[in-house]
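# An overview of the molecular structure
Letter by letter, the chains look like this.
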Amino acid sequence: MSKKREISLKSYHRRRENKGLFFILPSLLGVSIFYIIPFFRSLGYTFTQGIVHLKFVYFKNFTDLFQNSAFQTALKNTVIFILAGVPILIFLSLTLSLLLEKESCHWKRFALLTPMVIPGAAFLLGFRSMFDSYGAVNTILSKFGDFNTDFLGKHSFLMLILIYIIKNVGYVTVIFSGAISTISKEYLEVFRLESSSGISYVRRVLLPLIAPMTFFAVVISIMDCFKVYREIYILYGDIPPKEIYMLQHFMNNNFLKLNYQRLSTAAFLVVAVISFLIWLLLRLQNRFRPE
């Protein structure tokens, strides 16, 4: 390849990169102004104390944060919720996508996505009417004896897991269905020459092929775990049961109290942990990527 052609190709790729930057510039400006710049500005409160006259205190805010009982409760509940909700959601979504692989009826896929279309307030209003102390479920149970159950009280954590799964299982199922539909049928035909086990095909062939999309679904599911604050707030208001007191409640309460140091420190830790999880998942994705 001649030197002039190399220079021409470099110039062409540079122009394409500049055009791409031009198209993402409006979004990048918005994200920078409302998210990135305020986040880095708040980092100053993470290592300081005071409002007007800031005093550098090194890592004292982190020490005080981990000694705070409310933060310990919120951190424990959030970690347990992620460890319980994400595996259930991934397993259920993958199972549904495999069951729907040979289905030609589109209404089933539409039914899975319906919870995403329904406004959250309307969905939770219907959910409360079903599982409240005097809701439809307890009304039915009362017909068979004294089985009245405080679903939204004693079993609030299980109800939150149920809400999380109902709201997100359709979207994650569509992600898996799209990944599975791109796999050539030749893999199944070749595998059937050695074995007729469907479970072995899924474990040895299907899962390695859709590993990148699986890790993407896991990341999205973890992100959605931090969005359940909206559902909890609609159902319980400012004071939820202790079992579902999450990190978002802790940060919101400190924002209302104008405790910027504690709020910024907690936010920094959440961002750091999520970033580490994403980095770890990307490393695992590269390791499990098929050759």
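Since we're looking at a predicted model, the values are computed, not measured.

What follows concerns the confidence of the model for the protein. With 87% of its residues at a pLDDT of at least 70, the protein reaches an overall mean of 81. Across the protein, the secondary-structure element scoring lowest on mean pLDDT is helix α4 (residues 106–117), at 70, and the one scoring highest is helix α3 (residues 69–99), at 92.

Our focus in this paragraph is the nonpolar core. Nonpolar side chains tend toward joint burial in soluble globular proteins. Counting 35 residues, the largest nonpolar core has Phe 81, Val 86 and Tyr 164 as the members making the most contacts within it. Every element with two or more residues in this core is listed here: α3, α7 (156–181), α9 (198–209) and α10 (211–225). At 10 residues, the largest contribution of residues to this core is made by α7. Beyond its immediate sequence surroundings of up to four residues, Val 86 is in contact with Phe 81, Tyr 164, Val 218, Ser 221, Ile 222 and Cys 225. Counting 13 residues, the second-largest nonpolar core is a separate cluster that includes Tyr 245, Leu 247, Leu 263 and Leu 269.

Attention shifts here to unusual backbone geometry. At Tyr 58, a residue that is not glycine, the phi angle is positive and equals roughly 60 degrees. Take Tyr 58: its relative accessible area is 54%, and that puts it in the exposed class. Residue Leu 258 is not a glycine yet carries a positive backbone phi of 60 degrees. Inspection of the secondary structure puts Leu 258 in the loop between α12 (247–256) and α13 (260–288).

About the criteria used
- Residues numbered from 1 in each chain as written.
- Predicted model: local features only at pLDDT ≥ 70, side-chain atom pairs only at ≥ 80, totals over all residues.
- Heavy atoms only, no water.
- pLDDT = per-residue confidence, 0-100.
- Helix = DSSP H or I, 4+ residues; strand = E, 2+ residues; numbered from the N terminus.
- Core = buried A, V, L, I, M, F, W, Y, C linked by side-chain atoms within 4.5 Å.
- Buried < 20%, exposed > 50% of the residue type's maximum accessible area, 1.4 Å probe, protein only.
- Contact = heavy atoms within 4.5 Å.

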